[in-house]
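For reference, the chains in residue letters:
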Amino acid sequence: MSKYYVNKFLFTIDRDPEWVARYREDPRATVDRWEKEVGRWLNSVEQTSWLEFSPEEREALSTHDYVWLFEHGAHFFLNLTLFIALFDEEYAAAKGPLAFQTEMAQKLGHWTGRDYPSVAM
């Protein structure tokens, strides 16, 4: 997994409410748009030509598969905070406070007692 690139996506999307809203509504188009408009930029003047999502990363991001992302080394905190931003209000309204976090914990329960996947590049 290109951990740097996936983590850059998680970080930058989570920091902008407009990107969060786009990602919630149309994740596949948002992944594509982000890659063109943000992902390849190293700074305000330099672009990279070699960073891109693998097909598996693109699919996981496009389907909001936070379990796959965690299992393949996405930074846990970045993963958690973005998906809280996406789903917390909806889950809390339907099931009460911390409902999304509880579901995420259950879906990642098979990692209990194991080391987190490495987030090292």
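These notes cover the structure that comes with them.

The rules we used
- Residues numbered from 1 in each chain as written.
- Predicted model: local features only at pLDDT ≥ 70, side-chain atom pairs only at ≥ 80, totals over all residues.
- Heavy atoms only, no water.
- Phe/Tyr/Trp six-rings, centres within 6.5 Å; stacked < 30°, edge-to-face > 60°.
- Helix = DSSP H or I, 4+ residues; strand = E, 2+ residues; numbered from the N terminus.
- Lys NZ or Arg CZ within 6 Å of the ring centre and 35° of its normal.
- Buried < 20%, exposed > 50% of the residue type's maximum accessible area, 1.4 Å probe, protein only.
- Arc of directions from axis to C-beta.
- Contact = heavy atoms within 4.5 Å.
- Core = buried A, V, L, I, M, F, W, Y, C linked by side-chain atoms within 4.5 Å.

### Looking at the packing of aromatic side chains
- Using the criterion set out here, one finds 17 aromatic pairs in the structure.
- Judged by centre distance (5.5 Å) and plane angle (50°), the rings of phenylalanine 76 and tyrosine 116 are tilted. A residue pair is termed long-range when its members are at least 10 positions apart, and phenylalanine 76 in helix H6 (residues 76–95) and tyrosine 116 in the segment after helix H7 (99–107) qualify at 40 residues.
- Taken together through their ring pairs, the aromatic side chains of Tyr5, Phe9, Tyr23, Trp34, Phe53, Tyr66, Phe83, Phe87, Tyr91 and Phe100 make up a single cluster.
- Lying over the aromatic face of tryptophan 19, arginine 22 brings its terminal NZ or CZ to 4.6 Å of the ring centre.
- Residue placement shows arginine 33 over the ring face of tryptophan 19; its charged tip is 5.5 Å from the ring centre.

### A look at helix H2 (residues 17–25)
- For H2, the full list of buried residues reads Trp19, Val20 and Tyr23. Each buried residue of H2 lies within a common arc of 105° when the element is viewed along its axis, so the set occupies one face. Away from its buried face, by an angle of more than 90 degrees, H2 presents the exposed residues Pro17, Glu18 and Glu25.
- Contacts made by the buried residues of H2 are with helix H1 (3–14), helix H3 (27–39), helix H4 (55–62) and H6.

### Brief notes about the nonpolar core
- Of all hydrophobic cores here, the largest spans 32 residues; its most connected members are Phe9, Leu10, Tyr23 and Phe83.
- Of all the secondary-structure elements, those providing two or more residues to this core are H1, H2, H3, H4, helix H5 (66–71), H6 and H7.
- Setting aside residues no more than four positions away along its own chain, tyrosine 23 makes contact with Phe9, Ile13, Thr30, Val31, Leu61, His64, Leu82, Phe83 and Leu86.

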